[in-house]
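Inside the fold
The residues making up each chain are set out below.
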Amino acid sequence: MSGPATRRAVAAALVLLVLLLVAPGRTTHATWTDAAVVTGTTVVAGALEKPTLSCGPMPGNSSAVRLSWTPSTSPAPLVYEASIVDSSGSAQPVTSYVDVTPGLLISVLGHTVTVRVTGTLPGTAWSVSSDRVVNIGLLGLSVYC
Amino acid sequence: MSRHRLPPRARARVPVAVALLGALGLLGGLGSYAYWNDEVVVAGSTITSGTLDLKVEGVDSYTWSALSTTGLAPGESVAKSLTFSNAGSTPFTVSITSSVSTSLEAFRTAVLATVTDGTATTGSATYPRSASCSGVATYGPAALPLASTAVLGPTTAIQPGESRTFCVRLLFSVAAGNTTQSKTLSPTFTVTATQVSP
């Protein structure tokens, strides 16, 4: 071998030797750890109570019916409104009942009509509704359950 | 008197015999060179490794039922805090990650979590229920992630015997839609202590 090549080989051998001697003495820096798992939490959203609609004759008007329900107060008093499904009429605010008279159905074609009562939790987008079908009498002069 | 001479072969054996005799003589005169010695055993020293022991509310794995809530309505919030402590002999820092499972994705995104290094305070126990967390927010308000995500830490070093708290507030967004009714959400928190490097 030539002189420079020999020197390079010797230098490389020395470096390798130093590495072999130093490597076993390195610090590993391993750290201890411990973990605790926290489980068992379940968050359940509430639900609004659907109004259960009862149908009966309207007091004082034998040709009309009254749909009534028990207003829900959970989690807070709901705000109710009633509307006729598939009708262009707007929903009307109600409390615990709505009277369906022949005059209200003057624009409705057919033998039945669906009344929808919707309860809304104030200040939120939550609502719940129930439907009730009522019948229209001959010539549209009366309504019955 | 005639002088007898040993035969050549016998003459060759003489030096060998003399050398052997000399070696035997030397061996017999060798000293033992034994020295007296004595020893004392020093016992009673024990080196015991330290411990790194994290406790949450005094136990290794905690069931956080206090944060559980039923009938949560839009606009309501709940908050609770937990205490974690160093029950070992080694200082450590603490990091907390969280993940969540839910019965409806829209419910997960509607529940906004805030994590702080403080404690919980109840504002109202009736509708609309409200609660808050003191301290510095380290996460949120944001929906808890499905995959494990850091929500607190690492804290500063917690010395043996010391404890810290973290607080979680869950706020049900007032804009939550109808589909979120009766849905569930189950968060999991993993508290990890890591030894402070010397």
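Scroll up a little and you will see the structure.
Residues numbered from 1 in each chain as written. Chains lettered and ligands numbered in written order. Predicted model: local features only at pLDDT ≥ 70, side-chain atom pairs only at ≥ 80, totals over all residues. Heavy atoms only, no water.

This part covers the overall build of chain B. Each helix and strand counted, chain B has 2 helices and 12 strands in total. Going from N to C terminus, chain B has its helices and strands arranged as α-β-β-β-β-β-α-β-β-β-β-β-β-β. Expressed as a percentage of its 198 residues, the buried residues of chain B come to 29%. Sequence separation of at least 24 residues holds for 82% of the intrachain contacts in chain B that already meet a minimum separation of 6. Of the roughly 11700 Å² that chain B leaves accessible, carbon and sulfur atoms contribute 59%. (Helix = DSSP H or I, 4+ residues; strand = E, 2+ residues; numbered from the N terminus. Buried < 20%, exposed > 50% of the residue type's maximum accessible area, 1.4 Å probe, protein only. Contact = heavy atoms within 4.5 Å. Areas by Shrake-Rupley, 256 points an atom, 1.4 Å probe, with all protein chains shown as cover.)

It is worth spelling out the sheet that holds strand β6 (residues 111-116) of chain B at this point. Residue and element names in this part refer to chain B. The 5 strands lie next to each other as β1-β4-β11-β6-β9, forming an open sheet whose pairing is antiparallel. Because the sheet does not close on itself, it has two edges, and the strands there are β1 (54-56) and β9 (137-143). Each adjacent strand pair in this sheet contributes to an overall mean axis angle of 15°, direction not counted. (Pairing = 2+ DSSP bridges. Axes fitted to C-alpha atoms, helices over the stretch in contact; angles between N-to-C directions.)

As a further point, take the nonpolar core. Taken as a class, soluble globular proteins show a tendency for nonpolar side chains to be buried jointly. Ranked by size, the top nonpolar core spans 59 residues in total, and within it B:Val94, B:Ile96, B:Phe166, B:Leu170 and B:Phe172 carry the most contacts. In contact with B:Ile96, not counting residues within four places along its chain, are B:Phe84, B:Thr149, B:Ala150, B:Val151, B:Leu152, B:Phe166, B:Phe189, B:Thr190 and B:Val191. (Core = buried A, V, L, I, M, F, W, Y, C linked by side-chain atoms within 4.5 Å.)

What follows covers the environment of A:Leu67. Residues and elements named next belong to chain A. As for its position among the elements, Leu67 is in strand β4 (residues 61-68). When the C-alpha positions of Leu67 and Thr52 are compared, they lie 9.5 Å apart, and in sequence the two are 15 residues distant. Once you skip the residues sitting within four places of it in the chain, Leu67 turns out to touch Ser54, Cys55, Ser96, Tyr97, Val98, Val100, Val115, Arg132 and Val134.

With that settled, the discussion passes to the state of the cysteines. Where two cysteines share a covalent bond between their sulfur atoms, that bond is called a disulfide. Tallied over the entire structure, the rule returns 2 disulfides over all chains. There is a disulfide in this structure between A:Cys55 and A:Cys145, and the S-S distance comes to 1.8 Å. On the sign convention where negative means left-handed, the S-S torsion of about -85° between A:Cys55 and A:Cys145 marks this disulfide as left-handed. Of this pair, A:Cys55 sits in strand β3 (residues 54-58) while A:Cys145 sits in the segment after β10 (143-144), and the two are 90 residues apart along the sequence. With a relative accessible area of 38%, A:Cys145 lands in the partly exposed category. Linked covalently through their sulfurs, B:Cys133 and B:Cys167 form a disulfide whose S-S length is 2.0 Å. Where B:Cys133 bonds to B:Cys167 through sulfur, the torsion about that S-S bond is close to -70°, and the disulfide is left-handed. (Disulfide = S-S within 2.5 Å.)

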